[in-house]
Amino acid sequence: MDLGAATEAVRDLLMALGQDVHSEHLLDTPRRVASAYFELLTPEPFTLTTFPNDDGYDELVLVRDIPFRSLCEHHLLPFHGVAHIGYLPDQRIVGLSKLARVVEHFARGLQVQERLTRQIADYLQLNLEAKGVAVALEAEHMCMSLRGVRATGTTTVTSTLLGLHRQNPATRAEFYALAGVRS
């Protein structure tokens, strides 16, 4: 990413929008905006730590209310909310903090909520080889709240169900009930 070019582009955008970029309040704004986008668009590397499932645990593992924020690729405005992730272990279990890291990793960048939900689920299924993975995201989109329809406080819910969570209605219902998501 070219921070210098991004800074100039923000300055040009502000000028095109009729803003006084020489105002004391806006002098450093282009750099701050470019730095903020750099942070929001750059995934942090991490390693998914898994452990042998020595005890043969085969019930739902669920982490609820993982906060996330991302940028709508259609308007470059934020959307934010919580992720709920559940999985049915097979041979491996995951370090629980890594579930939040997976969410953070895929949330960085220009996104749509549907793709983000699917990327998280697919990544976990691929790396855990779980019997089932379930991911639900609940988010408010600033592109709906701040502009256009201005539907403040609305929540968009997306989910991706893989393996037994997709195939078994009881397993699916357990995930939604424990996650607190109306299905």
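In case you missed it, the structure is sitting above this.
Notes on the structure in this doc start here. (Residues numbered from 1 in each chain as written. Predicted model: local features only at pLDDT ≥ 70, side-chain atom pairs only at ≥ 80, totals over all residues. Heavy atoms only, no water.)

## Details of the pattern of salt bridges
Taken as a whole and judged by the stated rule, the model has 8 salt bridges. A salt bridge links Arg115 to Glu73; its shortest N-O distance comes to 2.9 Å. Residue Arg115 is located in helix α4 (residues 113–128), and its partner Glu73 is located in the loop between β2 (61–72) and β3 (78–88); the two are separated by 42 residues in the primary sequence. Among the residues examined, Arg115 registers a relative accessible area of 31% and is labelled partly exposed. Assessed through its relative accessible area of 32%, Glu73 is described here as partly exposed. The salt bridge partner of Glu104 is Arg108, with a shortest N-O separation of 2.7 Å. Accessibility expressed as a relative area gives 16% for Arg108, which makes it buried. Within this structure, Glu44, Arg69, Glu104 and Arg108 form a network of salt bridges that share partners. (Salt bridge = Lys/Arg side-chain N within 4 Å of Asp/Glu carboxyl O. Helix = DSSP H or I, 4+ residues; strand = E, 2+ residues; numbered from the N terminus. Buried < 20%, exposed > 50% of the residue type's maximum accessible area, 1.4 Å probe, protein only.)

## Quick notes on the sheet that holds strand β7 (residues 156–163)
If you walk across this open sheet you meet the 5 strands as β5-β2-β3-β6-β7, and the pairing is mixed. For this open sheet the edge positions go to β5 (110–111) and β7, each flanked by a neighbour on one side alone. Here strand β6 (residues 132–141) runs beside β7; their pairing, made up of 8 bridges, is antiparallel. Among the inter-strand pairings, Leu137 is bridged to a residue of β7, identified as Thr158. Together, β2, β3, β5, β6 and β7 form the strand contacts of α4, whose direction differs from that of β6 by roughly 155°. (Pairing = 2+ DSSP bridges. Contact = heavy atoms within 4.5 Å. Axes fitted to C-alpha atoms, helices over the stretch in contact; angles between N-to-C directions.)

## Digging into the nonpolar core
Nonpolar side chains in soluble globular proteins tend to be buried together. Counting residues in hydrophobic clusters, the biggest one holds 28 residues, and the most contacted among them are Phe68, Ile85, Leu116, Ile120, Leu124 and Val133. Elements with a contribution of two residues or more to this core: β2, β3, α3 (97–107), α4 and β6. Sequence-distant contacts of Val133, that is, excluding residues within four places in its chain, are made with Gly86, Tyr87, Ala121, Leu124, Gln125, Thr160, Leu161, Leu162 and His165. Listed in part, the 7 residues of the second largest apolar core include Ala134, Phe175, Tyr176 and Val181. (Core = buried A, V, L, I, M, F, W, Y, C linked by side-chain atoms within 4.5 Å.)

## A short note on the pairing of β6
Extensive coverage of β6 is indicated by the burial of 9 of its 10 residues. The sheet contact formed by β3 and β6 spans 10 bridges and is antiparallel. By the bridge assignment, Leu88 is partnered in β6 with Gly132.

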